[in-house]
Amino acid sequence: PELAARYPGRVWILTRILWLSGLEPGRNRYKERDTLRRYIYIHCCPASEPLGVPLSHGCIRMSSAEISDLFDRVRRDDRVLIEETAEV
């Protein structure tokens with residue numbers, strides 16, 4: 001809370017991070033709007049921050065427990081499919 005008060009608007013990554021590089025031809029790997037260069041991650045955020053609503057700069061934010069579990073299940077160069085689904 002102290003750091004959040006001192007640096008409002010800062011995105012805090014507290015546990016793990018999965019840095020995405022993207023596979024879209026002509027857009028990724030240092031092209032037009034490259035995911036890697038834009039620092040697009042799957043990462044955790046503080047428990048005080050809401051999940052499931054757009055608030056970051058394109059990242060996918062998860063709870064610390066969720067990202068720790070995901071981090072343990074994926075390896076470097078694994079493909080990650082991100083799909084938008086209707087809320088249940």
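Here is a short report on the structure shown in this document.

What counts as what
Residues numbered from 1 in each chain as written. Predicted model: local features only at pLDDT ≥ 70, side-chain atom pairs only at ≥ 80, totals over all residues. Heavy atoms only, no water. Helix = DSSP H or I, 4+ residues; strand = E, 2+ residues; numbered from the N terminus. Contact = heavy atoms within 4.5 Å. Areas by Shrake-Rupley, 256 points an atom, 1.4 Å probe, with all protein chains shown as cover. Lys, Arg positive; Asp, Glu negative; His and termini not counted. Charge placed at Lys NZ, Arg CZ, Asp CG, Glu CD. Polar contact = N/O pair within 3.5 Å; in protein donor to acceptor, adjacent residues only side chain to side chain. Patch = residues over 30% accessible without salt bridge, like charges linked within 9 Å, V, L, I, M, F, W, Y side chains within 5 Å. Salt bridge = Lys/Arg side-chain N within 4 Å of Asp/Glu carboxyl O. Buried < 20%, exposed > 50% of the residue type's maximum accessible area, 1.4 Å probe, protein only. Core = buried A, V, L, I, M, F, W, Y, C linked by side-chain atoms within 4.5 Å. Phe/Tyr/Trp six-rings, centres within 6.5 Å; stacked < 30°, edge-to-face > 60°.

1. Topic: the overall build of the protein chain
- Along the protein chain, the regular secondary structure elements total two helices and three strands.
- Counting from the amino terminus, the protein chain carries its helices and strands in the arrangement α-β-β-β-α.
- Taken along its principal axes, the extent of the C-alpha atoms in the protein chain is 40 × 30 × 25 Å.
- A fraction of 38% describes how many contacts in the protein chain between residues 6 or more apart in sequence connect residues 24 or more apart.
- Of the roughly 7400 Å² of accessible surface on the protein chain, 52% is carried by carbon and sulfur atoms.
- For the protein chain, the separation between the mean place of its 14 positive charges and that of its 13 negative charges on side chains is 8 Å.

2. Focus: the side chain of Arg61
- Tracing the backbone through its elements, the reader meets Arg61 in strand 3 (residues 60-62).
- Within the structure, the side chain of Arg61 is placed 2.4 Å from the backbone oxygen of Pro50, a separation counted as a polar contact.

3. Concerning a nonpolar patch on the surface
- Taken together, the side chains of Val11, Ile13 and Ile17 define a hydrophobic patch exposed on the protein surface, amounting to about 200 Å² of accessible area.
- Among the secondary structure elements, Ile13 is positioned in the loop between helix 1 (2-6) and strand 1 (17-19).
- A relative accessible area of 35% places Ile13 in the partly exposed class.

4. What to know about the nonpolar core
- Listed in full, the nine residues of the largest apolar core are Leu18, Leu20, Ile40, Ile42, Cys44, Met62, Ile67, Leu70 and Val74.
- Of all the secondary structure elements, the ones that give two or more residues to this core are strand 2 (41-44) and helix 2 (64-73).
- Apart from residues no more than four positions distant in its own chain, Ile67 is found in contact with Thr15, Arg16, Leu18, Ile42, His43, Cys44 and Met62.

5. With respect to unusual backbone geometry
- Phi at Asp77 is positive, roughly 75°, even though this residue is not glycine.
- By the secondary structure assignment, Asp77 is in the segment after helix 2.

6. Re the environment of Arg27
- Residue placement: Arg27 occurs in the loop between strand 1 and strand 2.
- Along the sequence, Arg27 and Ser68 sit 41 residues apart, while their C-alpha atoms lie 29 Å from each other.

7. Topic: the pattern of salt bridges
- Applying the stated criterion across every chain, the model contains one salt bridge.
- Put simply, Arg73 and Asp69 hold a salt bridge, and the shortest N to O gap is 2.9 Å. You can see Arg73 and its partner Asp69 sitting in helix 2, four residues apart, about one turn around the helix.
- Assessed through its relative accessible area of 40%, Asp69 is described here as partly exposed.

8. Notes on the packing of aromatic side chains
- Summed over all chains, the structure comprises one aromatic pair.
- A ring pair is formed by Trp19 and Tyr41, whose centres lie 5.7 Å apart and whose planes are at 75°; its orientation type is edge-to-face. Of this pair, Trp19 sits in strand 1 while Tyr41 sits in strand 2; the two residues are 22 residues apart in sequence, bridging distant segments of the chain.
- The class for Tyr41 is buried, based on a relative accessible area of 15%.

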